[in-house]
Structures are given as C-alpha cells and as structure tokens.
Amino acid sequence: MMQPYLLMAVLYLSLGVLAALDASLSSLGIITWFNGLRWLRVHVITLGVMTEAVFGLLPYLVASRAGRPRPAIRWDVWLALNAGLLTLLVGIPLVNGALILAGGTLIFIAALLLIPQLASLRPTSPRTPSTTDADKPSGRHFYIAGLSYLLLGIIIGSGLWLGWGQALRMWNPIEVHIHTNNWGFMSLVFAGLLVDLYPLFTHRSFAWPYSIRPIFWLMTLGALGLVLGPWVGSQWFTVPGLVLHLTGTLWLLANVIVPVWPTRLVRSPGIWHLVTSYVWILAPVFIAPLIILNVPGFAGAGVEANAPQALIYGWVLQFGYALLPYLLRRALLPDEEARLGGNWFSLMTVHLGGVLLWASIFAGDNQTLLHGVAYVFWVLSMLPMTVEVWRIVRRGVTRLDTNAPSLASERAGGD
C-alpha cells in the first residue's frame, strides 16, 4: 500500500499553498521576509509533494511492469524519508548546517535503500523474440538513474551550507545542485512515470515505443553534461548536455501528444497540465543564449535567482496537478475510474504565475510587484488542486470506514 506516502504528499501540498502565500505577501511588503524560506518553498514541492508520491509509487509500478507481486511497504524507507524532510523543515529556515546535514543524510539513506529494491524487481519471465522493450516498455531504468542523480543532488545541496562546493572545486555549486535535481532526478523520474502511466490513463501506447531506450540515454547523458558544465565552468559540457536533454524531452513529448491529439483526451485539462508544464523547463533554454552573449537586460544573476521558482511551480508542481489526484483515486477509490487532476482554472492561473515571474526578472522597478502577483496566481492555481485531493482522501477514508464492519463480519463468519 502506497497510501502513507500519498497522504504525506497531500499534507506537503497544503503546506506548499501556505508557503506560496507567504512568498506573495513577503514580495508585496505585507509581511516580513523570513530567512531561508525561499529554499524551503522549493523543497516543500520537490522533496515534500513529489518525492513522497514518487517514493510511494515506484516500487508498485516497477513490480507491476515486471509481473511480480505487489511489494510490501518498506517502513524503513518511509521513516528515513519523512524524518529527513521534517528535519529539513526546521533546519532550512534556521539556516542550521547540522540540521540540514542530518536531514539530507536521512533522505540520502531513504534513496539508497529504494534503488536496490527497484533494481531487484526484474521481469519474472525471460525475454523472447516476441517480448521486447518496444512491446512492454518500462520506466525502471529512468527511476534508477533519476534516484542516482538525487543522491548526488543531496550531497551537493547539503554541502551548500557547509562549504563543500569549494572543496569539490565547483565553479557554481548552486547551479550544479539545481541541475542535478531538476534535469537529473525530476526530469528522468517524470519521463519514467509517463512511460509507465500513459497507457493507463489514455488507454493508448506511445507513438513510437521503440524510442524509449534512446530517449533514456539522451536524457541521462544530457543531464550529466548539464551537471558537469557548471561544476567545471565550461560550456563544452553544458551546451551538448542541453542539446541531448532537450532532444530527448521533445521526443518524449511527441510520444505523448501524437496518440491523443485526434481524440477527446486532448480536451482534458489534465493532459494539458502534463504537456504544457514542460514549457517552464524549456524557458531557461531559450533565455540561456541571451545570457551567454551578454545581451543587455538579460542578467544571469537575476535568472539564476528567480527562474528556479518558475521551474518548480510551473513544471514540477503542475505535473503533480495531473498525476497526484489520479494516483490518489487509484489508491483510495479503486471502484471508480481514475482520471487526471486539474481544471481549466488551475491551468490558466499556473501559467499566468510563470509568465509574471519571468516578467519580474526583467521588469526593473516593477520586479517586486510582479513577483508578488506571480505567487498570487500560483496560490490560486493550487487551491482547487488542494480541495480536489482532500475530497478524494475524505471519500477514500469514508469508503474504508463503511467497509470495515462488513470486513469484520466476514472474518467472524470465516472463524
């Protein structure tokens, strides 16, 4: 059962709404700024909402694709992950290096335990000429590679507060950390989730199933280049990495879009959330050449400080808008048809937030105002999502309570 992870993801989503509201009120000068809270907001989404959902889901997806029995929940992984997250929730606002190191270490242990579990869930039947990767694609390799990048991201992220960047001779430690977590961990895991879940919520296969293996290598090697580039301070790694990763990502999106384009699914806001969320991981790609060429008005420092916010709220969280309600319905309401989450209001407001955040980077005197309004739109986009997931949780708990007496009577009758 993956419910403990999903329920924690819902709790962190609710906390994310409050964190985004704080960002808006702080930028508009209504309340004071809290030291370290900017990084806390990001990690509530990445480590809180998405990592909880991912850690709970991956063993079941991989086991299902491999034709193996559903694995029991690893409470050691759950405990290490949540103890680490709670420690970071305290340590980051206080900028306390010891607490940040302890929290990062616990999450590192959780990921380190999860990787061999996924690696051990190999297909039960030997491969035959009729059973190929194209016939039954799996996201397993994406997950293992993504979690490996997470391990590196944890080391680098914890080291930001302890001076490890200088010891490891990193040219830009913050950028290395961001690239490792976003282009490495999140991007690869999201790709694996699309590979595994797409046939379930669309009842269709990818447009080109044979492309999954080359997409994996394009994205994995591309992420490596994007990590090494800011590590050594060389565009000779960054540019090829960007080209490889971008090629794999666009190929992945084409696989998603082509089969559903002539169908009713294209009118679903959930599909639009999934696909258009990638606009915000592609936005820095189009701005990067202007920064490299020193075009006036496109300062790298401003982009580096603010673009990750648009990346997290526009891409990572929006991806979760679609998948988290879907996963909760499958887990808590198995008798109902699961569908992707989100609505047209959340779709419109989440993108308006991203547009305004990017506009604030280049707005000069209006930067603070646009920054605050961007977070207002992100809060508005999160509200219907939060209401939706809590309704699913309430109905799921009600269903369990209703079925409890009948289960007890069945057991009594069996005795």
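Residues numbered from 1 in each chain as written. Predicted model: local features only at pLDDT ≥ 70, side-chain atom pairs only at ≥ 80, totals over all residues. Heavy atoms only, no water.

Asks: Outline the pattern of salt bridges, listing residues and values.
Replies: Tallied over the full model, the rule gives 4 salt bridges. When the shortest N-O distance is used, the salt bridge between arginine 65 and aspartate 196 registers 3.3 Å. Of this pair, arginine 65 sits in helix H2 (residues 37-66) while aspartate 196 sits in helix H7 (residues 173-202); the two residues are 131 residues apart in sequence, bridging distant segments of the chain. Taken as a pair, arginine 65 and aspartate 196 share a single burial class, namely buried. (Salt bridge = Lys/Arg side-chain N within 4 Å of Asp/Glu carboxyl O. Helix = DSSP H or I, 4+ residues; strand = E, 2+ residues; numbered from the N terminus. Buried < 20%, exposed > 50% of the residue type's maximum accessible area, 1.4 Å probe, protein only.)

Asks: Can you lay out the packing of aromatic side chains for me, pointing to particular residues and giving the numbers?
Replies: Within this structure, the stated rule accounts for 13 aromatic pairs. Considering the side-chain rings of phenylalanine 142 and phenylalanine 216, the 5.2 Å spacing of their centres and the 85 degrees angle between planes classify their relative orientation as edge-to-face. In this pair, phenylalanine 142 is assigned in helix H5 (residues 140-159) and phenylalanine 216 in helix H8 (residues 212-232), connecting sequence segments 74 residues apart. Comparing phenylalanine 142 with phenylalanine 216, the two get one shared label, buried. Between the aromatic rings of phenylalanine 190 and tryptophan 315, the centroid separation amounts to 5.2 Å while the plane-to-plane angle is 70 degrees, which identifies the pairing as edge-to-face. Placement of the pair is phenylalanine 190 in helix H7 and tryptophan 315 in helix H12 (residues 300-332), with a sequence separation of 125 residues. Its relative accessible area of 0% is what places phenylalanine 190 among the buried residues. What makes tryptophan 315 buried here is its relative accessible area of 0%. Among the aromatic residues, those joined into a ring-pair cluster are Phe190, Tyr278, Trp315 and Phe319. (Phe/Tyr/Trp six-rings, centres within 6.5 Å; stacked < 30°, edge-to-face > 60°.)

Asks: Describe in detail the side chain of serine 187, supporting the description with residues and values.
Replies: For serine 187, the position within the fold is in helix H7. Aside from chain neighbours lying at most four places away, what touches serine 187 is Asn182, Met219, His245, Ile281 and Trp315. (Contact = heavy atoms within 4.5 Å.)

Asks: Got a sec to walk through the confidence of the model for the chain? Specific residues and values, please.
Replies: On average, the chain scores 85 in pLDDT, and the residues at 70 or more come to 86%. Counting contacts from residues 128-135, a segment whose pLDDT is below 50, to residues more than four positions away or on other chains yields 6 contacts. (pLDDT = per-residue confidence, 0-100.)

Asks: Run through the environment of proline 4, naming residues and quoting values.
Replies: Following the sequence through the fold, proline 4 ends up in helix H1 (residues 3-27). Along the chain, proline 4 and alanine 53 lie 49 residues apart, while their C-alpha atoms are 9.4 Å from each other.

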